[in-house]
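Listed below, chain by chain, are the residues.
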Amino acid sequence: INEADQRALLAELMATKKYTAAYEVWASGRAGADTTNHGIGAITDGGFEDKISRNDPGFGWQVNWQIATVRITLDNGEDAHQGKRSLRFDWNGNSNPMSQVLTQIVVVEPNTRYRLSFAALTKDIVSGGLPVIVVSDQSSQEYHALGQSPALKDSEREWHDYEVEFKTGETTEAVLISLQRQQCPSEPCPIFGRLWLDAFDLKRE
């Protein structure tokens, strides 16, 4: 089918939460997509080696470009944990702690244990609501967190490895990996400092 029809079909499947079928449509003809197991457990571009499109719905990284107080860039410098790039966040001011700054939908199997691993580097992070990586059930009609990383606090300018263990529900077909912040004790809740993320990987336990 042509590109317009493919995008329309993908949007319909995503809206009705038919994620396994949606992945098949999204991955069709796409370089780098994991088609060996219908995309189950496959994180797209976990090392941020490719560009992040502003208008590419589906199963790649999605960035919330509407948050004015955070600047998000692909960093080609020496700070990469693996490969040539990492994703850099520069915070400078107030924002809603529950705002999902970075997300990716991943197809999974129901009633299964998984371990999400990633690496983070922080410099001069200061906030009452520190960054965290949250895994939530994308198949649920309501927001339901399955697991959360420890707070990504100041790391003395060294990379640290993190893990999030979680178990999917009986009807879970996909999860949402998101970067957001801890709840703040008071409002407004600014955040300042820099964060780098790299090396995302998902394994079945």
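Provided above is the structure to which this section pertains.
Note that this is a predicted model, so its numbers are computed, not measured.

1. Topic: the side chain of S95
Right, on to step 1. By secondary structure assignment, the location of S95 is in the loop between β3 (86-94) and β4 (102-107).
Right, on to step 2. Only 2.9 Å separates the side chain of S95 from the side chain of R181, close enough to count as a polar contact.
Right, on to step 3. Filtering out sequence-adjacent residues up to four positions away, S95 remains in contact with I67, T69, R181, C189 and I191.

2. Looking at the nonpolar core
Right, on to step 1. Counting residues in each nonpolar core, the largest one holds 36 residues, and the members touching the most others are F89, L116, L197 and F200.
Right, on to step 2. Mapped onto this core, the elements with two or more residues apiece are β2 (70-75), β3, β4, β5 (113-127), β6 (131-137), β8 (160-167), β9 (174-181) and β10 (190-204).
Right, on to step 3. Other than its neighbours up to four places away in sequence, F89 contacts V70, R71, I72, V101, L102, L179, G193, R194, L195 and L197.
Right, on to step 4. With 16 residues, the next largest nonpolar core counts W26, A33, A42 and F59 among its residues.

3. Structural notes on the pattern of salt bridges
Right, on to step 1. This structure, assessed with the given rule, holds eight salt bridges.
Right, on to step 2. The partner of E205 in a salt bridge is R115, with the nearest N and O atoms 2.8 Å apart. Note that E205 is positioned in the segment after β10 and R115 in strand β5, a separation of 90 residues in sequence.
Right, on to step 3. Note on R115: relative accessible area 23%, which makes it partly exposed.
Right, on to step 4. Here D124 and R194 are joined by a salt bridge, their closest N and O atoms 3.6 Å apart.

4. Here we look at helix α2 (residues 19-27)
Right, on to step 1. Listed as buried for α2 are Y19, A22, Y23, V25, W26 and A27.
Right, on to step 2. On the buried face of α2, the contacting elements are α1 (3-15), β4 and β9.
Right, on to step 3. G29 occupies a position one or two residues after α2 and carries a positive phi of about 75°.

5. Topic: empty space enclosed by the protein
Right, on to step 1. Tallied over the full model, the rule gives one cavity of 30 Å³ or more.
Right, on to step 2. I67, W91, S95, N96, S99, V101 and R181 are the residues that line the largest cavity.
Right, on to step 3. Grouping the constituent residues of the lining of the largest cavity by class yields three nonpolar, three polar and one charged.

6. Some thoughts on the sheet that holds β5
Right, on to step 1. The five strands are arranged β2-β3-β10-β5-β8 in an open sheet whose pairing can be described as antiparallel. Every interior strand has two partners, whereas the edge strands, β2 and β8, have only one. Within the sheet, the average angular offset between the axes of one strand and its neighbour, ignoring direction, is 25°.
Right, on to step 2. Where β3 meets β10, eight bridges bridge the pair, whose relative direction is antiparallel. Bridging across to β10, N94 finds its partner in P190.

7. Observations concerning the state of the cysteines
Right, on to step 1. Applying the stated criterion to the full structure yields one disulfide.
Right, on to step 2. Between the sulfur of C184 and that of C189 lies a disulfide, 1.7 Å long from S to S. Because the torsion about its S-S bond is -60°, the bridge between C184 and C189 counts as left-handed. One exposure class covers both C184 and C189, and it is buried.

Cut-off values and rules
- Residues numbered from 1 in each chain as written.
- Predicted model: local features only at pLDDT ≥ 70, side-chain atom pairs only at ≥ 80, totals over all residues.
- Heavy atoms only, no water.
- Helix = DSSP H or I, 4+ residues; strand = E, 2+ residues; numbered from the N terminus.
- Polar contact = N/O pair within 3.5 Å; in protein donor to acceptor, adjacent residues only side chain to side chain.
- Contact = heavy atoms within 4.5 Å.
- Core = buried A, V, L, I, M, F, W, Y, C linked by side-chain atoms within 4.5 Å.
- Buried < 20%, exposed > 50% of the residue type's maximum accessible area, 1.4 Å probe, protein only.
- Salt bridge = Lys/Arg side-chain N within 4 Å of Asp/Glu carboxyl O.
- 1 Å grid on protein atoms, 1.4 Å probe; cavity = no way out; pocket = protein on both sides within 12 Å on 5 of 7 lines; lining within 4 Å.
- Points joined across faces, edges and corners; volume = space filled by probe spheres on them.
- Nonpolar A, V, L, I, M, F, W, Y, C, P; charged D, E, K, R; others polar.
- Pairing = 2+ DSSP bridges.
- Axes fitted to C-alpha atoms, helices over the stretch in contact; angles between N-to-C directions.
- Disulfide = S-S within 2.5 Å.

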